[in-house]
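Below are the chains, spelled out letter by letter.
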Amino acid sequence: MTTQQTQTQTHPQPAPNPIPALVRAAFNAASQRASGQADRTAAAIAALRKLRRVLLEQAGTNAALTVVDGPASGFIMERNMRALGRTGVAPEAMPLPPILAMAGPAASLMLDAVENGLILHRFLPGNTALMQMVPELMGCLCETLGGTPDAGRLLDILRDGMDEDEPRLAIEGPVSQRLH
């Protein structure tokens, strides 16, 4: 047995987190099933809403704010700041379709990806799976839109119809209190 084999047996390497690949594979499959950009956009948003709803129901508003809302708006801010740094011009927000069909084959594939990610969450350390789902889903959304959406509009869509049990100060409070 070689030294490499001995080290692998005594100190196994941690398996890479499968969440990014899971989300990207689902998005690629959803894109093939989608009837257009609006359908792909709706699929990505449906996945974000599903994750947010599960967190809200299982752990409360603070969890939804911490895992979905904050990272989603932070993702948008970071991409916009990078674009500003490259071009010297602040990018305009890409419009979200006025009516989002949150059902259909494309959305179903993305919802399944979230369900599978939540199952994997039970087997991965800490909140690794949850914390990696949002940036991957946001990347899919921005890829579909060809840019970043307005963060406020996106958060309104993600929160629509969800019963919140705590105030939203973490996102909607004074600038000094916002999580990013």
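Going along each chain's sequence as written, the residues are numbered from 1 onward. Under the rules for a predicted model, residues below a pLDDT of 70 receive no local features and side-chain atom pairs below 80 are neither given nor counted, while totals for whole chains, interfaces and linings still include all residues. Note that the side-chain values use all heavy atoms of the structure and ignore hydrogens as well as water.

A closer look at the nonpolar core
Inference 1: Core analysis: the biggest nonpolar cluster contains 46 residues, and Leu 51, Leu 55, Met 110, Met 133, Met 138, Leu 141 and Leu 154 have the highest contact counts within it.
Inference 2: Broken down by secondary-structure element, the contributors of at least two residues to this core are helix 2 (19–33), helix 3 (37–59), helix 4 (61–87), helix 5 (105–121), helix 6 (128–145) and helix 7 (151–159).
Inference 3: Contacts are assigned to residue pairs with any non-hydrogen atoms lying within 4.5 Å of each other. Apart from residues lying up to four places away in sequence, Met 133 is in contact with Ile 19, Val 23, Leu 51, Val 114, Gly 117 and Leu 118. The definition of a nonpolar core used throughout is a set of buried Ala, Val, Leu, Ile, Met, Phe, Trp, Tyr and Cys residues joined through side-chain atoms within 4.5 Å. For the exposure calls, accessible area comes from a 1.4 Å probe over protein chains only, and a residue counts as buried if that area is under 20% of its type's maximum, exposed if over 50%, partly exposed in between. To qualify as a helix, a DSSP run of H or I must reach at least 4 residues; to qualify as a strand, a run of E must reach at least 2; elements of each kind are numbered from the N terminus.

A short note on helix 7
Inference 1: Listed in full, the buried residues belonging to helix 7 are Leu 154, Leu 155, Ile 157, Leu 158 and Arg 159.
Inference 2: The definition of a polar contact used here is a pair of N or O atoms within 3.5 Å, where within protein one atom must be able to donate a hydrogen and the other to accept one, and adjacent residues in sequence count solely through side-chain atom pairs. Its side-chain oxygen at 3.2 Å from the backbone nitrogen of Gly 152, Asp 150 defines the N-terminal cap of helix 7.
Inference 3: Trailing helix 7 by a residue or two, Gly 161 shows a phi angle of about 80°, which is positive.

A look at the pattern of salt bridges
Opposite charge on two side chains permits pairing when their charged atoms draw close.
Inference 1: A pair is scored as a salt bridge if a Lys or Arg side-chain nitrogen falls within 4 Å of a carboxyl oxygen belonging to Asp or Glu. A full pass over the atoms with the stated rule returns six salt bridges.
Inference 2: Here Arg 24 ties to Glu 143 by a salt bridge, and the two come within 2.7 Å at their closest N and O atoms. Taken as a pair, Arg 24 in helix 2 and Glu 143 in helix 6 lie far apart in primary sequence, 119 residues in all.
Inference 3: A relative accessible area of 48% places Glu 143 in the partly exposed class.

Details of the environment of Leu 111
Inference 1: Position of Leu 111 among the secondary structure elements: in helix 5.
Inference 2: On a C-alpha basis, the gap between Leu 111 and Ala 47 in space is 5.1 Å, while along the polypeptide they are 64 residues apart.

A short note on the environment of Asn 17
Inference 1: Structurally, Asn 17 can be placed in the loop between helix 1 (3–10) and helix 2.
Inference 2: Considered as a pair, Asn 17 and Thr 128 are 111 residues apart in the sequence and their alpha carbons are 7.9 Å apart.
Inference 3: If near-sequence neighbours (up to four positions away) are discounted, Asn 17 is found in contact with Leu 124, Thr 128, Ala 129 and Gln 132.

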